[in-house]
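Listed here are the chains, written in short residue letters.
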Amino acid sequence: MKIEILYPELCCLYGDQGNTKFLQQCLPDPEFVFTGLNDKPAFLDDEVTLCCMYSCSEKNQEIILSRMLKWKDEINQAIASGNTMFLLLGNAMELFGSYIEREDGTKVDTLQSFDIYTKRHAPKRFNTLIMSEFEGMELLGYTSRFSDTFGITEDIAMSKVKIGTGSDGNGKLEGIRTNNLIGTYLLGPLLIANPDFTKWLFAKLNIENYTLPFEKDLYKGYEIRRKEFQRPELVMD
Amino acid sequence: MNKEYDVVIIGGGPAGMTAAIYAKRAALSTLVIEKQPFCGGQVLNTYEVDNYPGFPGIDGFSLSDKFHSHAKKLEAEFKTGEMKELRDEGATKVVVLKKGEEIRAKAVVLAMDDYYDRKKSIEYIGWIYDVDYELLNKEDVVQVIATGPRCYDHKVRLLMAGVPEDKISCAEEELDGVDLIKTSDVESVYILYDTSTYNLSCRMKEKLVKNLEVAQ
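Residues numbered from 1 in each chain as written. Chains lettered and ligands numbered in written order. Predicted model: local features only at pLDDT ≥ 70, side-chain atom pairs only at ≥ 80, totals over all residues. Heavy atoms only, no water.

Trainee: Sorry, what's going on with the overall build of chain B here?
Mentor: Broken down by element type, chain B carries 5 helices and 8 strands. Of the regular secondary structure in chain B, the N- to C-terminal order runs β-α-β-α-β-β-β-β-β-α-β-α-α. Projecting the C-alpha coordinates of chain B onto the three principal axes gives extents of approximately 65 × 40 × 40 Å. Here chain B holds 216 residues, and the buried ones make up 38% of them. Counted over contacts in chain B with a minimum sequence separation of 6, partners at least 24 positions apart contribute 57%. (Helix = DSSP H or I, 4+ residues; strand = E, 2+ residues; numbered from the N terminus. Buried < 20%, exposed > 50% of the residue type's maximum accessible area, 1.4 Å probe, protein only. Contact = heavy atoms within 4.5 Å.)

In C-alpha cells:
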C-alpha cells in the first residue's frame, strides 16, 4: 500500500502533519511517498492508495499550482479514474476548483476538477468551529482561512454543518466529495480528532488490517470535544 | 457625572501597558485597571525574560516596572480594581468594578487573562501536532500528567511521541492533576501552561506545596 503526501514542505499548517504520523502508526506496512515541490506526483504514474494534501499559505498555493498545472489533464484523469483516494484538508481543495479570485479581482488558474470557485478576502480571516454530519457521524473540527468557496451543491458537498458555517462562509454545506475525493476546510489532525471518520476512510479503501492506536483515549478526547460543542454559551469564532 | 476617559484598559499586563503607551502617545486620556496591586501580570513572576529586544536577561519584575514607568511618564492613570460588568451605552461604555464603582469611557480595551472565557470556546487540538512532545520521551522524565479537557488529546500525542503509557496520567480537572504527582519519585516538577492559564498554574503550584507539607 502506498500513501502519498503532496508538498509536505509547504502544506504543513495547523498540525496537519499529525495525520501523516497517525497513518504511519495505524497501518502495518505502509509505503509513504513525500512528494516535494519539484517532483511529479506519484499518483500519476504509480499505484497510490491514498493521496493527502494539507493546507498552506495563499502564496504557496500559487507556487504549488505553478507546478501542478503542468499535469492538469493527467491529474483530472487520475481523479476521474478513481484509482487513488484523495484527502484534501484546509485550503487544499481550492486548488481543484474552477479558479481562485484574489482580493484585487484577478484570478488564479486552478485545476478545474470541480465546478466550484474560491474568493479570497484577506486580511479578513474567517475562523469557526465546525460540527458537521458525515455518513451518520459527527465530524468535529475547526477552520481558519482567508477565503470562501462557492458553488458547492448538495450532490457534491462532503457534509452538512450542524454547528458553525459551511464552505461559503454563510451556508451549511461543507467541503466536497466525489466517489474517491474528499475535500474539507477542516484543518489539522482530522483523522486523530475524528476516529470514526478514520475508520470510515479505511473501510472505503478496503483496508482491514489496521490498528487504531490508543483507540480508547482517541474516543475519550472526541467525546469531551463533542459535548463541548453542545454548550449553549459557545462562541463560534 | 464622572469623568469619561477616552480609553479604559482592563488588565495591566504587558499588553495592557503597551496599549496604554500607544493610547497616551495618541493624546488620549487613559486609565489602566489592574486587579492585582502591581501591574505586570504573568511577567511579574517570570525569572528571566530573555527574548525581549534590548533587555537581554532582564527579570520579569524589572521589565514590568519599566513598562509601568514608561506608561506613567506619559501620564497614563492606573487603578487597582476588578471588573464585574461592562455595559455598552452606545457612545459611552461603562466599566463596573466589583466594589460598585462605575467608570465611563469612549472605548474599552480588554487585555486580561482569558482563561475564564474558555467555556465559550473549544480548544483546537491542531497545535499539539506542531509541538515536539518527543522531547518528553526521555528516561529522566518519570511522569507526565496531562490535565484539563484536552487531557486525552495530549495523551494520544504523548503516546504517538513514544512516551510509555505507564508514565502518563490524565485528569480532566486541572487541579486534580496535582494529586496524581508521585512526589516521592521526582526531583523536580514542571508545570507547563499557556498564556491564558497562568493564574491556574499558580493555584496548581500552591496545591502541590500544600500536598508536600501534608506529606512531611
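Picking up after the structure, the text goes on.
Trainee: Looking at this structure, I do not really get the packing of helix α6 (residues 215-228) of chain A against helix α3 (residues 151-160) of chain B. What am I missing?
Mentor: When two helices pack together, their arrangement is given by the angle between their axes and by how far apart the axes lie. Axis separation between α6 of chain A and α3 of chain B bottoms out at 8 Å; the angle between their running directions is 150°. Put simply, α6 of chain A runs roughly antiparallel to α3 of chain B. Handedness of the α6 of chain A/α3 of chain B crossing: left-handed. Across the interface between the two elements, D217, L218, K220, G221, I224 and R225 of chain A of α6 of chain A pack against Y152, D153, K155, V156 and L159 of chain B of α3 of chain B. Per-class residue counts for the contact of α6 of chain A with α3 of chain B are 5 nonpolar, 1 polar and 5 charged. (Axes fitted to C-alpha atoms, helices over the stretch in contact; angles between N-to-C directions. Parallel < 35°, antiparallel > 145°, perpendicular 65-115°, else oblique. Left-handed = near helix turned anticlockwise from the far one by under 90°. Nonpolar A, V, L, I, M, F, W, Y, C, P; charged D, E, K, R; others polar.)

Trainee: How do you make sense of the sheet that holds strand β6 (residues 107-109) of chain A when you look at a structure like this?
Mentor: Hydrogen bonds between backbone atoms are what pair the strands of a sheet, whose relative direction is either parallel or antiparallel. Residue and element names in this part refer to chain A. Spatial ordering of the open sheet is given by β6-β5-β7-β10, a layout of 4 strands whose pairing is mixed. The open sheet has two free edges, formed respectively by β6 and β10 (147-150), since each of these has just one partner strand. Strand-to-strand twist in this sheet, taken as the mean axis angle between neighbours without regard to direction, amounts to 25°. Two elements, strand β7 (residues 117-120) and β10, share 4 bridges in a ladder whose sense is antiparallel. The residue of β10 that forms the bridge with K119 is D148. (Pairing = 2+ DSSP bridges.)

Trainee: Any chance you could explain a nonpolar patch on the surface here in plain terms?
Mentor: Among the surface-exposed residues, L86, L110 and M112 of chain B lie close enough to one another that they form a single nonpolar patch of about 260 Å² accessible area. Within the secondary structure, L86 of chain B is located in strand β4 (residues 83-89). (Patch = residues over 30% accessible without salt bridge, like charges linked within 9 Å, V, L, I, M, F, W, Y side chains within 5 Å. Areas by Shrake-Rupley, 256 points an atom, 1.4 Å probe, with all protein chains shown as cover. Salt bridge = Lys/Arg side-chain N within 4 Å of Asp/Glu carboxyl O.)

Trainee: Looking at this structure, how should I read the sheet that holds strand β3 (residues 77-80) of chain B?
Mentor: Residue and element names in this part refer to chain B. The sheet built from 6 strands is open, its strands ordered β3-β2-β1-β6-β5-β4 with mixed pairing. The sheet terminates laterally at β3 and β4, the two strands that pair on one side only. Here the strands of the sheet are splayed against their neighbours by 40° on average, with no regard to which way each runs.

Trainee: I would appreciate a short explanation of empty space enclosed by the protein in the present structure.
Mentor: The rolling of a water-molecule-sized probe over the atoms marks out the regions of remaining empty space. All names here are of chain A. For the structure on display, the rule yields 1 cavity of 30 Å³ or more. Considering only enclosed or pocket space, the largest cavity measures out at about 130 Å³ in volume. No other element matches strand β9 (residues 137-145), which puts 3 residues into the lining of the largest cavity. Residues that form the lining of the largest cavity fall into these classes: 11 nonpolar, 3 polar and 2 charged. (1 Å grid on protein atoms, 1.4 Å probe; cavity = no way out; pocket = protein on both sides within 12 Å on 5 of 7 lines; lining within 4 Å. Points joined across faces, edges and corners; volume = space filled by probe spheres on them.)

Trainee: Got a minute to help me understand the pattern of salt bridges in this structure?
Mentor: Think of it this way: side chains of opposite charge can pair up when their charged atoms draw near. All names here are of chain A. A complete count under the given rule lists 29 salt bridges over all chains for this structure. In this structure, K162 engages E138 in a salt bridge whose closest nitrogen and oxygen atoms are separated by 2.6 Å. With a gap of 24 residues between them, K162 in strand β11 (residues 157-163) and E138 in strand β9 connect regions that are remote in the sequence. A salt bridge links E223 to R226; the shortest N-O distance between them is 3.2 Å. On the criterion of helical spacing, the pair formed by E223 and R226 is a turn pair, its members being 3 residues apart in helix α6. The exposure class of E223 is partly exposed, given its relative accessible area of 30%.

Trainee: Can you walk me through the pairing of strand β1 (residues 4-10) of chain B in this structure?
Mentor: Along any regular strand the residues' side chains alternate between the sheet's two faces. All names here are of chain B. Burial analysis of β1 places 6 of its 7 residues in the buried class, the great majority of the element. Where β1 and strand β6 (residues 102-110) come together, 6 bridges link them in parallel fashion. By the bridge assignment, V7 is partnered in β6 with A107. Across 4 bridges, β1 lies against strand β2 (residues 30-34) in parallel orientation. If you follow I9 over to β2, its bridge partner there is V32. Between β1 and its parallel partner β2, the chain crosses via helix α1 (residues 14-25), and the hand of that crossover is right-handed. (Right-handed = clockwise from strand over helix to strand, strands pointing away.)

Treat this as a map of the structure, not an account of what it does.
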